[in-house]
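Spelled out, the chains give:
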Amino acid sequence: GGFGDDGDDDEDGGGGFGGGGEAEEPAEAEATGSCLETREFVMECLCSVFRWVGDDGRHWDVSKAQGSPDGDWMVLKLQNLVNSGYKICTGNLPTLQPKGIHLLNILVEKFGDQPDPDYEGHQLMEQYQAQLLSALRSAFEKSALPTM
């Protein structure tokens, strides 16, 4: 397995990190120790992956990725990437919200113009519209940090 191969590709919110089935901890408890530092590092690495993979079209085009099954193509991990950005934006660690917004911004930049091979005339990112809007709404609430 490669990045995101957790066997949970359904749409119940699984995949990514920072949530799922475990109980939520208070922000103060999570923000202490190395947990916050680890999550910040993971988000920095995750956002950097897009530079590392380069311009190989198989990372950005579903049809090309599906025709070349010998790799972990970013477009095939899009659900997990959106879930990760969403969870960070809506989670209880406001200092990470800008990193979640940054990840979602990268996803829209990289995949926003890609056609959805299953629905002619539609864009690939349309299926994530509700998550993207919810994450933005959550991040830009009045209580959000001024760093947004």
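Before going into details, it helps to say that this report is about the structure given with it.

Side note on the pattern of salt bridges
Evaluated as defined, the whole model comprises three salt bridges. One salt bridge in this structure joins Lys99 and Glu44, with 3.5 Å as the shortest N-O distance. Taken together, the positions of Lys99 in helix 5 (residues 97-111) and Glu44 in helix 2 (residues 34-52) put the pair 55 residues apart, joining distant regions of the chain. A relative accessible area of 44% means that Glu44 is categorised as partly exposed.

Considerations on the side chain of Asp116
Summarising the element assignment, Asp116 is placed in the loop between helix 5 and helix 6 (129-139). With residues near it in sequence (within four places) discarded, Asp116 still touches His122, Gln123, Leu124 and Gln127.

Quick look at a nonpolar patch on the surface
Together, Leu133, Leu136 and Phe140 line one region of the surface with nonpolar side chains, adding up to about 270 Å² of accessible area. One can find Leu136 in helix 6. On the accessibility criterion, Leu136 (37% relative accessible area) is partly exposed.

Thoughts on helix 4 (residues 78-90)
Taking 1.5 Å as the rise per residue, helix 4 with 13 residues should run 18 Å; its terminal C-alpha atoms sit 18 Å apart, in good agreement. In terms of burial, helix 4 is a largely internal element, eleven of the 13 residues being buried. Within the span of helix 4, buried status applies to Leu78, Gln79, Asn80, Leu81, Val82, Asn83, Ser84, Gly85, Lys87, Ile88 and Cys89.

Topic: the nonpolar core
Counting 30 residues, the largest nonpolar core has Phe50, Val75, Leu78, Leu103, Leu107, Phe111 and Met125 as the members making the most contacts within it. When contributions to this core are tallied by element, the ones reaching two or more residues are helix 2, helix 3 (62-66), helix 4, helix 5 and helix 6. In terms of residue count, the dominant contributor to this core is helix 5 (six residues). Among all residues touching Phe111, those that are not within four sequence positions of it are Phe50, His59, Trp60, Met74, Val75, Leu78, Leu124 and Met125.

Rules and cut-offs
- The residue count restarts for each chain, going from 1 along the sequence in the order it is written.
- Where totals are concerned, whole chains, interfaces and linings use all residues; where local detail is concerned, this predicted model gives features only for residues with pLDDT of at least 70, and gives and counts side-chain atom pairs only at 80 or more.
- Excluding hydrogens and water, the side-chain figures rest on all heavy atoms present in the structure.
- Salt-bridge detection follows one rule: a side-chain nitrogen of Lys or Arg within 4 Å of a carboxyl oxygen of Asp or Glu.
- Only DSSP runs of H or I covering at least 4 residues are called helices, and only runs of E covering at least 2 are called strands; the numbering of each starts at the N terminus.
- Under the scheme applied here, a residue whose accessible area is under 20% of the maximum for its type counts as buried, over 50% as exposed, and between as partly exposed, the area being computed with a 1.4 Å probe on protein chains only.
- For this analysis, residues touch if any pair of their heavy atoms sits within 4.5 Å.
- Any residue with relative accessible area above 30% and no salt bridge may belong to a patch, with like charges joined within 9 Å and the nonpolar Val, Leu, Ile, Met, Phe, Trp and Tyr side chains within 5 Å.
- Each accessible area value is a Shrake-Rupley result obtained with a 1.4 Å probe; residue values ignore everything except the protein chains displayed when judging cover.
- An expected span of 1.5 Å times one less than the residue number is assigned to each helix.
- Residues belong to a common nonpolar core when they are buried Ala, Val, Leu, Ile, Met, Phe, Trp, Tyr or Cys residues joined through side-chain atoms within 4.5 Å.

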